Amino acid sequence: MSFLGFGSRPQPTSAQKIAAAEQELEMVTDMFNRLTESCRKKCLPTDYREGELNKGESVCLDRCVGKFFEVNMKISEFMQSQQQNAMAGGGSGRIGGFGA
């Protein structure tokens, strides 16, 4: 612990922790909904013929979900690196080189 508490990070309050957990849950729910909607549109016919997935639908869904998460991870890594670069350079506050 630092002298008189200076230099240490302030601890989040219970309300801040709850708000962060709610925001994280909302983000995960949104990602799940986008994933299911996107892969359903790509892989499943609108007129259901069978109660079970056939092999083609199953393979399509598996690949779709894999690609969705792969792209999501790449975008997350890119955004984190851009944020770190902006903070390290003390730069203009722009992320990704967009804007004027």
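Details of the structure are given in the entry above.
Okay, so let's go over this structure. Quantities reported herein were computed from a predicted structural model and do not represent experimental measurements.

1. Brief notes about the overall build of the protein
Argument step 1. Assigned secondary structure in the protein consists of two helices and zero strands.
Argument step 2. Sorting the 100 residues of the protein into buried and exposed places 10% on the buried side.
Argument step 3. Carbon and sulfur atoms make up 58% of the accessible area of the protein, which amounts to about 8,900 Å² in all.

2. Concerning the environment of C39
Argument step 1. Along the chain, C39 turns up in helix α1 (residues 14-43).
Argument step 2. The class for C39 is buried, based on a relative accessible area of 3%.
Argument step 3. Separated by 22 residues in the primary sequence, C39 and L61 place their C-alpha atoms 6.1 Å from one another.
Argument step 4. Those residues in contact with C39, other than ones at most four positions away along the chain, are L44, L61, C64 and V65.

3. Some details on the state of the cysteines
Argument step 1. Within the structure shown, the criterion is met by two disulfides.
Argument step 2. Bridging C39 to C64, the disulfide has an S-S length of 2.0 Å. The sign of the -90 degrees torsion about the S-S bond sets the C39-C64 disulfide as left-handed. Residue C39 is located in helix α1, and its partner C64 is located in helix α2 (residues 55-89); the two are separated by 25 residues in the primary sequence.

4. Here we look at the pattern of salt bridges
Argument step 1. According to the stated counting rule, one finds five salt bridges in the structure shown.
Argument step 2. As a salt-bridge pair, E37 and K41 come within 3.7 Å of each other at their nearest N and O atoms. Within this pair, E37 and its partner K41 are both found in helix α1, separated by four residues, close to a single helical turn.
Argument step 3. We classify E37 as partly exposed; its relative accessible area is 34%.
Argument step 4. Linking R49 and D47 is a salt bridge whose minimum nitrogen-to-oxygen distance equals 3.6 Å.

5. Topic: the environment of N72
Argument step 1. Assignment of secondary structure puts N72 in helix α2.
Argument step 2. Judged by its relative accessible area of 26%, N72 is partly exposed.
Argument step 3. Measuring from C-alpha to C-alpha, the distance between N72 and M31 comes to 9.3 Å, with 41 residues separating the pair along the chain.

6. Things to note about α1
Argument step 1. With 30 residues, α1 extends 43 Å between its outermost C-alpha atoms, agreeing within 8% with the 44 Å of an ideal straight helix rising 1.5 Å per residue.
Argument step 2. Buried residues along α1 sit in contact with α2.

Cut-off values and rules
Residues numbered from 1 in each chain as written. Predicted model: local features only at pLDDT ≥ 70, side-chain atom pairs only at ≥ 80, totals over all residues. Heavy atoms only, no water. Helix = DSSP H or I, 4+ residues; strand = E, 2+ residues; numbered from the N terminus. Buried < 20%, exposed > 50% of the residue type's maximum accessible area, 1.4 Å probe, protein only. Areas by Shrake-Rupley, 256 points an atom, 1.4 Å probe, with all protein chains shown as cover. Contact = heavy atoms within 4.5 Å. Disulfide = S-S within 2.5 Å. Salt bridge = Lys/Arg side-chain N within 4 Å of Asp/Glu carboxyl O. Expected span 1.5 Å × (residues − 1).

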